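The residues making up each chain are set out below.
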Amino acid sequence: MKHTRVALLLLATMMAGACQPSGTAEPPSASIEARVTRIENALTPTFQISGEPVDPASIDARLEVLGIPGVSIAFVADGEIAWARAYGMADVADTREMTVNTLLLAGSISKPVAALRALQLVDSGTLDLDENVNDYLTSWQVPDNDFTATEKVTLRRLLNHTAGLTVWGFPGYDKGDAIPSVVDVLDGKGNTGPVRVYKEPGESWQYSGGGYTVMQLMISDTEAPTSFVETLDQHVLDPLGMAASTFENPLPESLWASAATGYRFNGDEVEGKWPIYPEMAAAGLWTTPSELIRYAIEVQTILANKEDGVLAYQTVQDMLDAPPGSHGLGPSLDEHTFGHGGADEGFRAQLIAWKDSPHALVVMVNSDNGSIIPEIVQAVASEYDLPGYAPTVRTPITMSSEALTPYAGTYDIGRLGTVTFSVDGEQLKITGAVLSEPMYLRPESVTAFFDVTDGELIEFESENDQVTGFRTPRTVGVRIEKD
């Protein structure tokens, strides 16, 4: 079986690299090459200040500046893989180049792919989305407590992160470590705490990789003696055409030469070249962009044709039936797109599929630094006129040093300590607390200032014409001392 899957992989990836879109909406191959060339040289910051020049950079130049070894990309147009490209290095020490066939860890994009199998079992009547998961778990049970007295952990709540479970993510294990079983992970006998209900299920959203590990065990218990890896191969990866991809952890030695080495922010290799994830459904998928993007193609095709595929049409509708900015039954949802991000130790990835047009994009890097990903997404979206990924542009106003003085002073930000705002020319400088270096703010209005590095807004609050505090999306500051 494994030899058959490898042979299919070679055929699939060769086709992915050469595939041209069907139909007439996309231009001929020469125009596709021109599009790719423009994208390759059109990376710009995702935050820009109005009136300041923006100099586009190439992918290769940005990889070098950011210290990212390599990146691999696949793009779908009109429901087919239009192009796939790779840049940089899969392994720096071995001078092994990144290719479109190089395997990378998908991180949390593993979740929506693994969720397909759980939803298939719902389609078949084997599992129910809204029944207590303990009715299906045989090798372990979610411990009941006061929070589960009236509401229970259900598969629907596991998939959309409303089950009230702990453990948002996993750090992985190094080669040579003792790898815990899934049950041991759930009981906190690995390198994370136990997965437990800490608030009433259904009460509110809280991201939980622990919840997807419960889902992994549900699948394994339901389909025993078939392993989780085997059933995902048979029912999800192979039907989608993801012949090279695998949830198997540790990665089989036969695939080591095809795998990218992961790197930390400082450029060091991840211990053992890549981490190991027994929490396979949450974080363990090894794949390529050209294969991972087939998830998007399948979902988009089912929706467009209103016909069953890997999942029933109605199930796919239910999977995406959630407000923008929240999670469906696997993927996260925005106004124009569905998809997911991924962050494993030494790897970052992004899957984006547009809801109203047959376009999708996957970008994967072998580094903790994924900052090139949104730049590539922005360049692709601009080239193909796709919504949702225009740069954030702030327009500053001019305020004199004298006009900025009322904002200066010391502010209490709770357990993080205090920060001090001071006037620095026509901007404000913030120091203190957990800041390793100063932050600089420019005014967008007399109450709203923005961080000059990322555009995040800080809103000042006043009372009786006196500045009393500020708010950001994550922080509240109370003024305790004037400058």
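Residues numbered from 1 in each chain as written. Predicted model: local features only at pLDDT ≥ 70, side-chain atom pairs only at ≥ 80, totals over all residues. Heavy atoms only, no water.

K.L.:
Would you mind going over the pairing of strand E9 (residues 347–354) with me for this structure?
P.N.:
The side chains of a regular strand alternate between the sheet's two faces. Here E9 lies mainly inside the structure; six of its eight residues are buried. Where strand E8 (residues 337–344) and E9 come together, eight bridges link them in antiparallel fashion. Residue pairing across strands places threonine 337 opposite tryptophan 354, the latter belonging to E9. Connecting E8 to the next strand, E9, in antiparallel fashion are two residues, including glycine 346 with a positive phi near 90°. (Buried < 20%, exposed > 50% of the residue type's maximum accessible area, 1.4 Å probe, protein only. Helix = DSSP H or I, 4+ residues; strand = E, 2+ residues; numbered from the N terminus. Pairing = 2+ DSSP bridges.)

K.L.:
Where do I start with helix H4 (residues 110–123) in this structure?
P.N.:
The α-helix advances 3.6 residues per turn, and as a result positions three or four apart in sequence lie on the same side. The end-to-end C-alpha distance of H4, which contains 14 residues, comes to 20 Å, matching closely the 20 Å that a straight helix rising 1.5 Å per residue would cover. Of all 14 residues in H4, 13 are buried; the element is thus mostly enclosed. Among the residues trailing H4, glycine 125 stands out with phi positive, at a value near 85°. (Expected span 1.5 Å × (residues − 1).)

K.L.:
Just to check I follow, could you spell out the nonpolar core for this structure?
P.N.:
Inside soluble globular proteins, nonpolar side chains tend to come together where they are buried. Leu155, Leu158, Met215 and Phe247 are the most contacted members of the largest nonpolar core, which totals 90 residues. With eight residues, the top contributor of residues to this core is H4. Grouped together as the second largest cluster of nonpolar side chains are 29 residues, Ile32, Ile39, Val71 and Ile376 included. (Core = buried A, V, L, I, M, F, W, Y, C linked by side-chain atoms within 4.5 Å.)

K.L.:
How should empty space enclosed by the protein be read in this particular structure?
P.N.:
Over the atoms rolls a probe the size of a water molecule, and in doing so it shows where empty space is left. Scanning all chains against the criterion turns up three cavities of 30 Å³ or more. Counted as a void, the largest cavity has a volume near 40 Å³. What lines the largest cavity is simply Arg157, Leu158, His161, Thr162, Ala163, Gly164, Leu165, Gln206, Ser208 and Gly211. Class assignment of the residues belonging to the lining of the largest cavity gives a composition of three nonpolar, six polar and one charged. (1 Å grid on protein atoms, 1.4 Å probe; cavity = no way out; pocket = protein on both sides within 12 Å on 5 of 7 lines; lining within 4 Å. Points joined across faces, edges and corners; volume = space filled by probe spheres on them. Nonpolar A, V, L, I, M, F, W, Y, C, P; charged D, E, K, R; others polar.)

K.L.:
So what exactly am I meant to see when it comes to the confidence of the model for the chain here?
P.N.:
Low pLDDT marks stretches whose predicted atomic positions should not be read closely. For the chain, the mean per-residue pLDDT works out to 93, and 94% of the residues sit at or above 70. Predicted confidence for residues 1–26 stays below pLDDT 50, and this span has 39 contacts to residues more than four positions away or in other chains. (pLDDT = per-residue confidence, 0-100. Contact = heavy atoms within 4.5 Å.)

K.L.:
Help me understand the environment of alanine 353 in this model?
P.N.:
Position of alanine 353 among the secondary structure elements: in strand E9. Given the relative accessible area of 0%, alanine 353 is considered buried. For the pair alanine 353 and alanine 296, spaced 57 residues apart in the sequence, the C-alpha separation amounts to 5.9 Å. Every residue in contact with alanine 353, bar those within four places of it in the chain, is listed here: Ala296, Gln300, His336, Thr337, Phe338, His359 and Ala360.

K.L.:
Is there a simple way to explain the sheet that holds strand E3 (residues 80–91) in this structure?
P.N.:
Across the sheet, seven strands lie side by side as E4-E3-E2-E10-E9-E8-E7; this open sheet has antiparallel pairing. If you trace the sheet from one side to the other, it starts and ends with strand E4 (96–97) and strand E7 (332–333), each paired once. Pairing of E9 with strand E10 (residues 359–365) involves six bridges; the strand directions are antiparallel. Paired with alanine 349 across the two strands is methionine 364, which belongs to E10.

K.L.:
Quick question: what am I supposed to make of the packing of H4 against helix H7 (residues 209–223) here?
P.N.:
Angle between the axes and distance between the axes: these two values describe a pair of packed helices. For the pair H4 and H7, interaxial distance at closest approach is 10 Å and the crossing angle is 40°. Comparing their axes, H7 and H4 come out oblique. Judged by the sense of rotation from one axis to the other, the crossing of H4 with H7 is left-handed. Here Lys111, Ala114, Ala115, Arg117, Ala118 and Leu121 of H4 lie close against H7, whose contacting residues are Gly209, Tyr212, Met215, Ile219, Thr222 and Glu223. (Axes fitted to C-alpha atoms, helices over the stretch in contact; angles between N-to-C directions. Parallel < 35°, antiparallel > 145°, perpendicular 65-115°, else oblique. Left-handed = near helix turned anticlockwise from the far one by under 90°.)

K.L.:
Would you take a moment to explain the sheet that holds strand E13 (residues 418–424) for this structure?
P.N.:
Across a sheet, paired strands are connected by hydrogen bonds in the backbone, their directions being either parallel or antiparallel. The eight strands are arranged E12-E13-E14-E15-E16-E17-E18-E19 in a closed barrel whose pairing can be described as antiparallel. Strand-to-strand twist in this sheet, taken as the mean axis angle between neighbours without regard to direction, amounts to 35°. Bridge count for strand E18 (residues 466–471) against strand E19 (residues 476–482) is three bridges, and the pairing is antiparallel. Counted as the bridge partner of phenylalanine 470 is glycine 477 from E19.

K.L.:
Would you mind showing me how to read the pattern of salt bridges here?
P.N.:
For side chains bearing opposite charge, pairing can occur when the charged atoms are close. Within the structure shown, the criterion is met by 18 salt bridges. With a closest N to O distance of 2.5 Å, aspartate 368 and arginine 264 form a salt bridge. Separated by 104 residues along the polypeptide, aspartate 368 in the loop between E10 and helix H12 (372–383) and arginine 264 in the loop between helix H8 (228–240) and helix H9 (280–283) bring together distant segments of the chain. The exposure class assigned to aspartate 368 is buried, which follows from its relative accessible area of 5%. A residue is classified by how much of its surface remains accessible, and arginine 264, at 30% relative accessible area, is partly exposed. (Salt bridge = Lys/Arg side-chain N within 4 Å of Asp/Glu carboxyl O.)

K.L.:
Teacher, can you tell me more about the packing of aromatic side chains here?
P.N.:
With the rule as written, the count across this model stands at 18 aromatic pairs. When the centroid spacing of 6.3 Å and the interplanar angle of 50° are considered together, the rings of tryptophan 205 and tyrosine 207 count as tilted. Overall, tryptophan 205 belongs to the partly exposed group, its relative accessible area being 43%. Aromatic pair phenylalanine 421 and phenylalanine 470: ring centres 5.3 Å apart, planes at 55°, arrangement tilted. With phenylalanine 421 in strand E13 and phenylalanine 470 in strand E18, the pair connects residues that are 49 residues apart, well separated along the chain. The same class applies to phenylalanine 421 and to phenylalanine 470, which are both buried. Chaining the aromatic ring pairs together yields one cluster made of Tyr407, Tyr411, Phe421, Phe449, Phe460 and Phe470. When the ring centre of tryptophan 256 is taken as reference, the NZ or CZ atom of lysine 175 above it lies at 4.3 Å. (Phe/Tyr/Trp six-rings, centres within 6.5 Å; stacked < 30°, edge-to-face > 60°. Lys NZ or Arg CZ within 6 Å of the ring centre and 35° of its normal.)

K.L.:
What exactly am I supposed to notice about the pairing of strand E16 (residues 448–451) here?
P.N.:
Burial of E16 is two-sided: the residues Ala448 and Phe450 facing one way and the residues Phe449 and Asp451 facing the other way are all buried. Direction of pairing for strand E15 (residues 439–443) relative to E16: antiparallel, over a ladder of three bridges. Bridge pairing in E16 places leucine 441 opposite aspartate 451. Hairpin connection of E15 to E16: four residues between the antiparallel strands. Where E16 lies against strand E17 (residues 457–463), three bridges are found, and the strand directions are antiparallel. The residue of E17 that forms the bridge with alanine 448 is glutamate 459. Hairpin connection from E16 to E17: five residues lie between these consecutive antiparallel strands, with glycine 455 at a positive phi of about 85°.

K.L.:
Help me understand the side chain of arginine 479 in this model?
P.N.:
By the element assignment, arginine 479 lies in strand E19. For arginine 479, a relative accessible area of 15% gives the class buried. At 3.1 Å, the side chain of arginine 479 forms a polar contact with the backbone oxygen of valine 467. (Polar contact = N/O pair within 3.5 Å; in protein donor to acceptor, adjacent residues only side chain to side chain.)

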